[in-house]
Amino acid sequence: MTGPNWLLFNQLRNGALDLVVGRMPEKDAAAGVTFQQLYIEDVVLVCRLGHAILKQETPEKHIADHTLILPPGGAVISQTVERYLASIGLPGMRGAFETVALPVGRKIVGMSDALWFISRGVVVDELAAGSLRTVELASPLLSGPVGISFATSSPISVARSVFATCLQNTVAMGALTNPRDRKPATPRRLLGQHVHRPHSVQAAIHLDVDPLHPCAVRAGKKRDDGGALFGGAGPADTTDVCR
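Residue numbers here run from 1 along each chain, matching the order of that chain's written sequence. Note on the predicted model: pLDDT of at least 70 is required for a residue's local features to be given, and 80 or more for side-chain atom pairs to be given and counted; whole-chain, interface and lining totals, by contrast, use all residues. As a convention, hydrogens and water are excluded, and side-chain values are obtained from all of the structure's heavy atoms.

Asker: How would you explain unusual backbone geometry if you had to name every residue and give the values?
Answerer: In this structure, Ala138 is a non-glycine residue whose phi angle is positive, near 50 degrees. The secondary structure listing takes helices from DSSP runs of H or I that are at least 4 residues long and strands from runs of E that are at least 2 residues long, numbered from the N terminus. Position of Ala138 among the secondary structure elements: in the loop between strand S6 (133-135) and strand S7 (143-151).

Structural data, given as structure tokens:
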């Protein structure tokens, strides 16, 4: 499932979710939550092909000249973008639109001169295809950790631990990088992997969602013989992640 950051972390603390995969929560959402980093992801400023700002040597000085699409206040990247804008002399800057939804942001950017601050993982395929371009800002303030969050008070769970280890090993082994197009790690690609582990344990992960928010995961595993290993319902059981 996906949802606003406050909702996912409230459900995590209440025990409705086993873990959340996404950006590290801000201070107000981090109470009672333990975070384990997987990788670093940046927020990017994207525009249409041929946008005038791409020709500027210092594009950050021209951001205010264009319509902005910013993340809504409840989005996990909202404060990251606010801090960056304040650092370039635009504190309190408001966007004409607020969204982290790919279909909405992509449409507005594609048909106008609007600029969109969004996590790279959301638009990674559009950037690889060349339908969107990144405005080079080169600011460390736009980078942040992505990882696994779980409730500090939650009981020890073998299923959750195995699933988390699968994700960590996938990142460590570089299994998220396509050797042909060098696509970076994103929550969507991370959770879309079929990760094999010793003792014939497989995380059968299916992703059918636009990863616009952190992905909330209830982990399950199955044995190769079809039996349920952890939290399974039987031979047909697999884990539907973020659906």
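Here the narrative resumes, following the displayed structure.
Asker: I'd like to hear about the pairing of S7, residue by residue, with values.
Answerer: We call a residue buried when its accessible area falls under 20% of the maximum for its residue type, exposed when it is over 50%, and partly exposed in between, using a 1.4 Å probe and counting protein chains only. Where burial is concerned, most of S7 is hidden: eight out of the nine residues are buried. A strand pair is defined by DSSP finding two or more bridges across the two strands. Two strands pair when backbone bridges link them, and strand S1 (residues 19-23) and S7 are joined in this way by four bridges, in the antiparallel orientation. In the sheet register, Val20 faces S7, and the bridge partner there is Ser149. Here strand S2 (residues 33-47) runs beside S7; their pairing, made up of nine bridges, is antiparallel. Paired with Thr34 across the strands is Phe150, a residue of S7.

Asker: Explain the side chain of Ser119 to me, and be specific about the residues and the numbers.
Answerer: Of note, Ser119 is situated in strand S5 (residues 115-119). Under the relative-accessibility criterion, Ser119 is labelled buried at 10%. Pairs of residues are marked as contacts when any of their non-hydrogen atoms sit within 4.5 Å. Once you skip the residues sitting within four places of it in the chain, Ser119 turns out to touch Arg23, Glu41, Asp42, Val43 and Ile77.

Asker: Before we move on, can you summarise the pairing of S5 with the specific residues and values?
Answerer: With five of its five residues buried, S5 lies for the most part within the structure. The alternating pattern of S5 places Leu115, Phe117 and Ser119 and Trp116 and Ile118 on opposite faces, both of which are buried. Examined bridge by bridge, S2 and S5 share four bridges and lie antiparallel to one another. Across the sheet, residue Leu45 finds its bridge partner in S5, namely Phe117. Inspection of the sheet shows strand S3 (residues 68-70) paired to S5 by two bridges, in the parallel sense. If you follow Ile69 over to S5, its bridge partner there is Trp116.

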